[in-house]
Protein chains: 2
Amino acid sequence: MPQLLHHKLDPASRLIRLMFAEYGIEVSLVDVAPWRRDPDFLEINPAATVPVMLDEPFGPVVGVLAAIAHIEANFGPEGHIEALLPENGTERNEVWRLLEWVLLKLGPEVTSYLLEEKLIKRDLRSGAPEPSVIRIAKANLAEHLAYFSWLLATRRWLAGDTLTLADFGLAAHISVLDYMGDIAWEKAGEMKDWYARIKSRPAFRPLLADRIVGMPASSTYADLDF
Amino acid sequence: MPQLLHHKLDPASRLIRLMFAEYGIEVSLVDVAPWRRDPDFLEINPAATVPVMLDEPFGPVVGVLAAIAHIEANFGPEGHIEALLPENGTERNEVWRLLEWVLLKLGPEVTSYLLEEKLIKRDLRSGAPEPSVIRIAKANLAEHLAYFSWLLATRRWLAGDTLTLADFGLAAHISVLDYMGDIAWEKAGEMKDWYARIKSRPAFRPLLADRIVGMPASSTYADLDF
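Basis of the calculations
Residues numbered from 1 in each chain as written. Chains lettered and ligands numbered in written order. Predicted model: local features only at pLDDT ≥ 70, side-chain atom pairs only at ≥ 80, totals over all residues. Heavy atoms only, no water. Phe/Tyr/Trp six-rings, centres within 6.5 Å; stacked < 30°, edge-to-face > 60°. Helix = DSSP H or I, 4+ residues; strand = E, 2+ residues; numbered from the N terminus. Buried < 20%, exposed > 50% of the residue type's maximum accessible area, 1.4 Å probe, protein only. Lys, Arg positive; Asp, Glu negative; His and termini not counted. Salt bridge = Lys/Arg side-chain N within 4 Å of Asp/Glu carboxyl O. Contact = heavy atoms within 4.5 Å. Buried area = accessible area lost by both parts, 1.4 Å probe. Polar contact = N/O pair within 3.5 Å; in protein donor to acceptor, adjacent residues only side chain to side chain. Nonpolar A, V, L, I, M, F, W, Y, C, P; charged D, E, K, R; others polar.

In the nomenclature of an unreviewed UniProt entry, chain A is known as Glutathione S-transferase family protein of Pelagibacterium lacus.

Structure representation (structure tokens):
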């Protein structure tokens, strides 16, 4: 069984967990706090990031892009499961456009800041959260939510008619932000209905059971009727 | 013929140009300064980033990840050309690990800052470069160069024995940084020999001819014997 070195509130790790769960592949989870820079972990991934997948006889599968490629190549959907990366070129390009948005814009402009201020600083005892950073990240978040709500006003799923990796990529971030209480659901527009549908999928259930010691989840986090 | 909306000093656009050139595919280039947020361009890509590929009958191919997937699917290597994404799983995972490093670490920690301070502020007339930002970006760059030199001490190419997309991903950034005079070649270790080999490939030649009006290239930029 493949092993996944992950952190419970790391969005990229959550994307890979959702992908495994949707494809019905069992994976054994190992908790890592990559920012503690444990030497044994740095030897596997000098970038000090998760996810890292261990799947003999392959070498370590480091990072979210490698994990996506590895899962598609080795655990890809059989006939009875819908593919998370569409066969059709135009649809697949749309999935990659949105995944890139999540990885290269939403992540660095919003989620990374809030995780740094609320989770990592607490874990490393390296000071109190900086209110000005949190304020900027939340202002950025409002713009991202507006864009995704606009898209979802005319689409059932983020990239079109079917659920894809783009939905899981965004839902992974939203779930982490929701855990920390950073989503104003009353202002979330079309995204609320979309997230309710994602949240009720069996693949999502294990994520909703995750808890960080000393850092309780928001009241909406595990509530399917939020 | 596919069109590529790009900027001459955008590293992600350069990666895609190198990929096209190495596979021997002609592409028509259209200059865009995405930070000017031209409404016609934002309609194609609300993320205001390049590259964007136009390749009928497909919809716009937005972003570097979509472009890589699109090229592999539609213009991929024929028998006589070496693939830039290896077939072998362990090797392909290593290519994705390094591409992620370049896209999610080297880019945001180094190249984006230096392009913002030196190119974009100048183009938008939005103020002088901030020396403290440049200093931090160059300190980060030194750490990245040390890591890649360490890798290249035991490898002919970045991901192993053959040239891959990881080499083009890194070379795209190094070439932009070199244009701006930000690479201290006398301290670049094993990377210098590697970059000399990349630079002498036919695929690289068009990039070395690029110039930005009012922003001359460094003396080493187009020199094959730097």
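Trainee: I keep staring at the packing of aromatic side chains and nothing clicks. Help me out?
Mentor: The geometry of an aromatic ring pair comes down to the distance between the two centres and the angle between the two planes. Residues and elements named next belong to chain B. Following the criterion strictly, the structure yields 22 aromatic pairs over all chains and no others. A centroid spacing of 5.7 Å and a plane angle of 65 degrees characterise the contact between Phe20 and Phe75, whose relative ring orientation is edge-to-face. One end of the pair, Phe20, is in helix H1 (residues 11-22); the other, Phe75, is in the loop between helix H3 (64-74) and helix H4 (89-124), with 55 residues separating them in the sequence. Classification of Phe20 by relative accessible area gives buried; the value is 0%. Ring geometry for Trp101 and Tyr147: centres 4.3 Å apart, planes at 5 degrees, overall stacked. One end of the pair, Trp101, is in helix H4; the other, Tyr147, is in helix H5 (residues 131-152), and 46 residues separate them in sequence. Pair check on accessibility: Trp101 and Tyr147 agree, each one buried.

Trainee: Any chance you could explain the side chain of B:Asp10 here in plain terms?
Mentor: Residue and element names in this part refer to chain B. Looking at where Asp10 falls in the secondary structure, it is placed in the loop between strand E1 (3-6) and H1. In this structure Asp10 is buried but unpaired, with Arg14 as the nearest side chain of opposite charge at 8.2 Å. Leave out the neighbours within four places in its chain, and Asp10 touches Val50 and Pro51.

Trainee: Is there a simple way to think about the interface of chain B and chain A in this case?
Mentor: How big an interface is tends to be stated in terms of the accessible area lost upon association of its parts. Listed by partner, the interface residues are 25 residues for chain B and 25 residues for chain A. Taken together, the two surfaces of chain B and chain A that pack against each other cover about 2,300 Å², and 65% of this comes from carbon and sulfur. The largest per-residue losses of area from chain B upon contact with chain A belong to B:Leu65, B:Asn93 and B:Glu100, which jointly make up 25% of the total buried on that side. Counting every contact that joins chain B to chain A gives zero salt bridges. Counting every contact that joins chain B to chain A gives eight residue pairs in polar contact (both at pLDDT 80 or more). Mapped onto the side of chain B that touches chain A, the elements with two or more residues apiece are strand E4 (61-62), H3 and H4 of chain B. Sorting elements by how many residues they give to the side of chain B that touches chain A places H4(B) first, with eleven residues. The residue inventory of the side of chain B that touches chain A, partitioned by class, reads 15 nonpolar, six polar and four charged.

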